[in-house]
Amino acid sequence: MGEIAGADEIKKAYRNLAFRYHPDRNAGSEEMMKTINEAYAVLSNPDKKNEYDSLRQQYGPSARTSSGNIIPIRTSSEIPI
């Protein structure tokens, strides 16, 4: 998902991943579902997404939010859509 992804594209990708990795469908996928939900919480909020994009450009994979949380950066090859 790129920086220019719109809200509809983000929501569609989230729903696809949530359906695929939901723990009721795939035993043992709780951590992946947690990661997906955390990513959606950031990417679906325009302010948080702007902060994420800015930190990602500046610091790469070690980017942190203003509250000190690490922002997991995954490439499309790490999470199959």
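What counts and what doesn't
- Residues numbered from 1 in each chain as written.
- Predicted model: local features only at pLDDT ≥ 70, side-chain atom pairs only at ≥ 80, totals over all residues.
- Heavy atoms only, no water.
- Helix = DSSP H or I, 4+ residues; strand = E, 2+ residues; numbered from the N terminus.
- Buried < 20%, exposed > 50% of the residue type's maximum accessible area, 1.4 Å probe, protein only.
- Phe/Tyr/Trp six-rings, centres within 6.5 Å; stacked < 30°, edge-to-face > 60°.
- Lys NZ or Arg CZ within 6 Å of the ring centre and 35° of its normal.
- pLDDT = per-residue confidence, 0-100.
- Salt bridge = Lys/Arg side-chain N within 4 Å of Asp/Glu carboxyl O.

### Topic: the environment of Ile 4
The topology assignment puts Ile 4 in the segment before helix 1 (7-21). For Ile 4, a relative accessible area of 85% gives the class exposed. Separated by 49 residues in sequence, Ile 4 and Asp 53 have C-alpha atoms that sit 9.8 Å apart.

### A short note on the packing of aromatic side chains
Counted according to the given criterion, the structure contains one aromatic pair. On the basis of an interplanar angle of 20° and a centroid distance of 4.1 Å, the ring pair of Tyr 14 and Tyr 40 is categorised as stacked. Of this pair, Tyr 14 sits in helix 1 while Tyr 40 sits in helix 2 (residues 30-43); the two residues are 26 residues apart in sequence, bridging distant segments of the chain. Owing to a relative accessible area of 21%, Tyr 14 belongs among the partly exposed residues under this scheme. When its relative accessible area of 23% is taken as the criterion, Tyr 40 is described as partly exposed. Lying across the ring of Phe 19, Arg 25 places its NZ or CZ 3.9 Å from the centre.

### Thoughts on the confidence of the model for the protein chain
The predicted model of the protein chain averages 78 in pLDDT, with 70% of residues at 70 or higher. The weakest mean pLDDT in the protein chain belongs to helix 3 (residues 46-59) at 83; the strongest belongs to helix 1 at 92.

### What to know about the pattern of salt bridges
Any two side chains of opposite charge can pair, on the condition that their charged atoms come close. Summed over all chains, the structure comprises one salt bridge. Two residues, Asp 53 and Lys 49, come together in a salt bridge whose shortest N-O distance is 3.1 Å. With Asp 53 and Lys 49 both in helix 3 and four residues apart, the pair spans about one turn of that helix. Comparing Asp 53 with Lys 49 shows no difference in burial state: the two are buried.

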